Amino acid sequence: MAPEAERAGVALQQEERGDATCPLLFVQLNQLLSAPAGLEWRETARWIKFEEKVEDGGERWSAPHIPALPLHSLFQLRTCLQKGSMLLDLDALTFKEIIDKALSGQPEEPELPPKLRERLAALLLCQPQHQPTNSPLQLLTELSLSPCRGKAKSWSEPGAQLSETPLKEQLRNRFKKKVPPGAEAAHVAVGEVEFLEKPFTAFIRLKRGVVLGSLAEVALPSRFLFILLGPRAKVKAYHEVGRAMATLLTDELFQRVARQADHREDLIAGMEVFLDELIVLPPGKWDPSARIPPPSCLLSPHRRTAMHPPDRQSHGNGDMAAAGDRAGLGHPRSREELERTGRLFGGLLRDIRRKAPWYGSDFSDALHPQCLSAVLYIYLATVTNAITFGGMLGDATANMQGVLESFLGTAFAGSIFCLFSGQPLTILSSTGPVLVFERLLFSFSQDHSLDYLEFRLWIGLWVAFFGVVLVATEASHLVRYFTRFTEEGFCALISLIFIYDSLKKMLSLADTFPVNWQYRLENITSYSCICNLSSPGHSSTGNDMLLPSPLVPWQPPTALAGLSKTQCLVEGGHLLGTSCQYVPDVTLISFLLFGGTFLSCTALKRFRSSRYFPAAVRKLVSDFAIILAILASCTVDATLGLETPKLLVPSELKPTNPARGWIVLPFGANPWWVCLVSVVPAVLVTILIFMDQQITAVILNRREYKLQKGAGFHLDLLCVSLLMVVTSATGLPWYVSATVISLAHMESLRKESATSAPGEHPEFLGIREQRLTGLAVFVLMGVSVFMAPVLKHIPMPVLYGVFLHMGVAALNSIQLTDRVRLLLMPAKHQPDLAYLRHVPLRRVHLFTIIQLLCLTLLWVLKSTMAAIIFPVMLLALVGIRKGLECIFSLHDLSWLDSLLPTTARREAEGKQPGKRSEQESSSEASELMCRRGPEINISVN
């Protein structure tokens, strides 16, 4: 590779370390065209990262697209750079001064005749006609004011001289919002003139950025200029050479070479590197007029400047180098949070020292409107989760733990965790695996005549003790062995449970509100209900919700019209008729609300990438998508007025079961040896809590999320362990990280770049890391008891729809789902996924089938009496993953999963040359995230 390309690679590394910066370039192409008033410069195209052309008629800009260049134009451009004038680091303050020096030429070049120089200077100093960027409102205003006008009004009259100060139109140009801060401008001017016998070419790099008056469409400091003027009959060639120059300047690597070039040869060498990477499309195989849309993610410049060309990489399954390269991609195993200190509580103390400096900003960083949307969204999700699991716990434990206990426990445990944990974005909640264990524990207590709450207290105390021991011995170090295989097996299980429960709740409505299957439209004239005051009979006053019976002969009773049901009964009458027992079909509207909420949440979340409305409106709608969907569904429900099941929260602060109190005593109800026997189930619960909590922590602290404040694996586990003591002693549910809600919490706090180049997707900047949103959610949970009059208007099917949305969104974000889809796709329709390029399809299917078998086994275990060994099976997933190394090569595992720490370390020690840098791994992870938006192993509970 050329030395100039190596220099570009060094520049990239310096920029990553903050030693140097390279501003983004806005490139404008001005072309000299004929007009009724004579020749004029007219803006015909512009670039930031992609090309935009002025469409025929000059009324609008084209959509951003990847520029397609004729290969011959690049060769012509290289000739222009080799033979034309070149001024590097020119010290000038005005455009006139730049033109004078460019036309003066260089010592080795022949000097232009004075008359020709004057004509060129006068021509180049003319004001270019810019194409304005108008909002739809401005376009409608112009259309209403001048409906017969065929051409947009230009900023200046043709033939006017260039202004030395920016015009007000430049300062108010809406396009400047698309230009990132600190950007600079480059100008390309091409055209044909009759007084030139041979082309005049000049490439100019200014020593410092200078605002050149009204030359640019937007007022930016200019850094580069390229001028190409020549005789007639080659206007098409000049235009294509100008496009080639603009495209080169938008290339990140060439731009760095151009900024650092000391001689003409440096610039030519930089162009040669560009040509080496060029991809040529054969003529006749595609339409040259077609515009290639921008990709969702651009290739990282670090990989383009790699010293080892791609052809050195083998595609065989035994490529150990590739396996070692990908060993740590996307996994936090090499991070400092999981390194052992060798001291008791060493990891905990390091977590505290890491998080303490950020504590103040954890509250100040929450002062943003986006956090309000997150609070409302997660609050409703948490309330629904508390009611759902509280009801299930009440059924499983004879109301020893119910909805009220679930509310109070969630509010208390969540608030404490948000205040003192290492990752406050985590949301605590009751989870499916914990619910399974509670059901088994209650059944065991009933079968052996043991007091459930006292037995549970001792288990909780032992779990807390074991948790503290795990923190003291830095057992969180073991989460490095949780690879994608282990995470996805657990995550997919909880995701399916989550989706299954929401659907099951909806199907149960058919039992409470039966469908009126016997209604017949033909018999509508016979359906009636009157108040009979003449004789006693069957009074339809019950709430048994029976459906209309078949038609029977009807005799006119003594009726009194105009009485309501209550008035009729007060008068001593009874209801008579076939429609008296009719119940409105709330099941149908409930399912419509359920499906409508799910579809609305999905559609509004995707509205950010819609083509409609300005970016600010799309972002606002996407941020408040869940709230808007809930409000819309609640409005529909209130308008129809049907008695759909509503959200009911406890209104009194007293235990659900009157037989229990708020404090559980450790002795008295059970034999003394129960405190010792409880060690056995406590070990299983400890494994379950550790796996659930730490898998969630690994997912939420992945490198793809670009978290800046660090993780706290040991501190989080300590908080959960100590909370076990309080919740066990008060008879409240046990809490652990609820991954689906935690993930939804993080997704609702995504930060993206405020400005992005046309055609470029907003850059993901990270997560708004703070403690206030979670704390506000749990405080609202605590006061929900007093908000019952407001919350009772929210239909439960709406909240189940939100649950379904979160579960489906999470399930769609794991790689396992993609690979399951591949099982059903013909090869020609399969997407171009990275691992499909490196791993044979049959090996991909085999890996997927093994994961599905493990998932099926987990589902069977949690659904039967064998659920007591469910925690052990979770731990066994790590062992199964180790055994896969006997079936799959390390190359395959590095693409489908990731290598275990011991294997990765062994491969890294045996492969010193060609080892990728940390920056390359980070850049590839960013590209992966950009493609999948982001691809993260998501566990859901």
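The structure displayed is predicted, hence computed values, not measured ones.

Turning to the overall build of the chain, a few remarks are in order. A count of helical and extended segments in the chain gives 37 helices and 13 strands. Intrachain contacts of the chain at a sequence separation of at least 6 include 81% that bridge at least 24 residues. Counting every atom, the chain has about 42,800 Å² of accessible surface; 62% of that belongs to carbon and sulfur.

By the definition in use, this model includes 12 aromatic pairs. Here Phe-607 and Phe-613 contribute two aromatic rings whose centre-to-centre distance is 6.1 Å and whose plane-to-plane angle is 50°, an arrangement assigned as tilted. Here Phe-607 falls in the buried class, since its relative accessible area comes to 17%. In this structure Phe-613 comes out as exposed when scored by relative accessible area, which is 56%. Here Arg-46 stacks its cationic end above the ring of Trp-61, 3.8 Å away from the centre of that ring. The ring centre of Trp-734 lies 4.4 Å from the NZ or CZ of Arg-456, which sits over that ring.

In this section: the pairing of strand E5 (residues 184-192). Of all 9 residues that make up E5, 9 are buried, and the element is covered over most of its length. The two faces of E5 match: Glu-184, Ala-186, Val-188, Val-190 and Glu-192 on one face and Ala-185, His-187, Ala-189 and Gly-191 on the other face are all buried. Looking at chain direction, strand E1 (residues 25-35) and E5 are connected through 8 bridges and run parallel. Paired with Leu-29 across the two strands is Val-188, which belongs to E5. The pairing of E5 with strand E7 (residues 221-230) spans 8 bridges and is parallel. Note on E7: the bridge partner recorded for Ala-189 is Ile-227.

For the pair helix H33 (residues 841-863) and helix H34 (residues 870-883), the least separation of the axes is 10 Å and the interaxial angle reads 170°. Of the possible angle classes, the one that applies to H33 and H34 is roughly antiparallel. Taken as a pair, H33 and H34 cross one another with a handedness that is right-handed. Contacts between H33 and H34 involve Cys-854, Leu-857, Leu-858, Leu-861 and Lys-862 from the first element and Phe-870, Met-873, Leu-874, Leu-877 and Ile-880 from the second. By residue class, the composition of the contact of H33 with H34 is 9 nonpolar, no polar and 1 charged.

In the structure shown here, the tally under the stated rule is 29 salt bridges. Notably, a salt bridge pairs Asp-100 with Lys-96, separated by 3.3 Å at the nearest N-O pair. With Asp-100 and Lys-96 both in helix H3 (residues 95-104) and 4 residues apart, this pair spans about one turn of that helix. With its nearest N and O atoms 3.4 Å apart, the salt bridge here joins Lys-101 to Glu-97. Here the residue Lys-101 and the residue Glu-97 both occupy positions in helix H3, the gap between them amounting to 4 residues, near one helical turn. The class of Lys-101 is partly exposed, set by a relative accessible area of 32%.

Let's shift gears to a nonpolar patch on the surface. A contiguous nonpolar patch, built from Leu-653, Val-779, Val-783 and Phe-786 and spanning about 400 Å² of accessible area, is present on the exposed surface. Note on placement: Phe-786 falls in the loop between helix H28 (772-783) and helix H29 (788-791). Of the residues examined, Phe-786 reaches a relative accessible area of 64% and is grouped as exposed.

Turning to the nonpolar core, a few remarks are in order. Ranked by size, the top nonpolar core spans 142 residues in total, and within it Tyr-377, Ile-459, Leu-647, Ile-767, Met-806 and Leu-874 carry the most contacts. Excluding anything up to four places from it in sequence, Tyr-377 contacts Ile-626, Ile-627, Ala-744, Ser-748, Val-802, His-805 and Met-806. Ala-202, Leu-225, Ile-227 and Leu-229 belong to the second-largest nonpolar core, a separate cluster that totals 33 residues.

For residues besides glycine, phi is generally negative; the peptide bonds are generally trans as well. If you check the backbone angles, Ser-449 has positive phi at about 55° while not being a glycine. Positionally, Ser-449 belongs in the loop between helix H16 (432-447) and helix H17 (452-472). Residue class for Ser-449 comes out exposed when judged on its relative accessible area of 68%. In this model, Lys-706 sits at a positive phi of 55°, which is unusual for a non-glycine residue.

Glancing now at the sheet that holds strand E3 (residues 51-53). The 7 strands lie next to each other as E3-E2-E1-E5-E7-E6-E4, forming an open sheet whose pairing is mixed. The two strands at the open ends of the sheet, each matched to only one other strand, are E3 and strand E4 (85-90). For this sheet, the mean inter-axis angle between neighbouring strands, taken without regard to orientation, is 20°. In this sheet, E3 lies alongside strand E2 (residues 38-47) in antiparallel orientation, the contact comprising 3 bridges. Bridge assignment links Trp-47 to a residue of E3, and that residue is Glu-51. Running at roughly 130° to E7, helix H4 (residues 114-124) makes contact with E1, E2 and E7 of the sheet.

Below, the discussion takes up H16. In a regular helix each residue adds 1.5 Å, so 16 residues correspond to 22 Å; H16 covers 23 Å between its end C-alpha atoms and thus fits that length. The set of residues buried in H16 consists of Gly-432, Pro-433, Val-434, Leu-435, Val-436, Phe-437, Glu-438, Leu-440, Leu-441, Phe-442 and Ser-445. Among the structural elements, helix H14 (369-396), H17, helix H18 (484-507), helix H25 (679-700), H33 and H34 are those in contact with the buried residues of H16. Just downstream of H16, Ser-449 is the residue with a positive phi angle, here 55°.

What counts as what
- The written sequence of each chain sets the order in which its residues are numbered from 1.
- Whole-chain, interface and lining totals are the exception, using all residues; otherwise, since this is a predicted model, local features are given only for residues with pLDDT of at least 70 and side-chain atom pairs are given and counted only at 80 or more.
- Computation of side-chain values: all heavy atoms of the structure, hydrogens and water removed.
- In this description a helix means any DSSP run of H or I spanning at least four residues, a strand means any run of E spanning at least two, and both kinds are numbered starting from the N terminus.
- Residue contacts follow a heavy-atom distance rule, with two residues in contact if any of their heavy atoms lie within 4.5 Å.
- Surface exposure here means Shrake-Rupley accessible area, sampled with a 1.4 Å probe, where a residue is shielded only by the protein chains that are shown.
- Only the six-membered ring of Trp is used, alongside the rings of Phe and Tyr, when aromatic pairs are assigned; centres must lie within 6.5 Å, and planes under 30 degrees apart are stacked while those over 60 apart are edge-to-face, with the rest tilted.
- Exposed residues in this analysis have more than 50% of their type's maximum accessible area, buried residues have under 20%, and partly exposed residues fall in between, with area computed by a 1.4 Å probe over protein chains only.
- Whether a charge lies above a ring is judged from NZ of Lys or CZ of Arg, which has to be within 6 Å of the ring centre and within 35 degrees of the ring normal.
- Between any two strands, at least two bridges found by DSSP are needed for them to pair.
- With axes taken as lines fitted to C-alpha atoms, and helix axes fitted only over the stretch in contact, angles between N-to-C directions fall between 0 and 180 degrees.
- Working definition: roughly parallel below 35 degrees, roughly antiparallel above 145 degrees, roughly perpendicular at 65 to 115 degrees, and oblique for all remaining angles.
- In this scheme the handedness of a crossing depends on how the near helix is turned from the far one: anticlockwise by less than a right angle means left-handed, clockwise means right-handed.
- Residues are sorted three ways: Asp, Glu, Lys and Arg are charged, Ala, Val, Leu, Ile, Met, Phe, Trp, Tyr, Cys and Pro are nonpolar, and all the rest, Gly among them, are polar.
- Between Lys or Arg on one side and Asp or Glu on the other, a salt bridge is scored when a side-chain nitrogen of the former is within 4 Å of a carboxyl oxygen of the latter.
- Without a salt bridge and with relative accessible area above 30%, a residue can belong to a patch; like charges are then joined within 9 Å and nonpolar side chains (Val, Leu, Ile, Met, Phe, Trp, Tyr) within 5 Å.
- By nonpolar core is meant a set of buried Ala, Val, Leu, Ile, Met, Phe, Trp, Tyr and Cys residues that side-chain atoms within 4.5 Å join together.
- Expected span, for any helix, means 1.5 Å times one less than how many residues it has.

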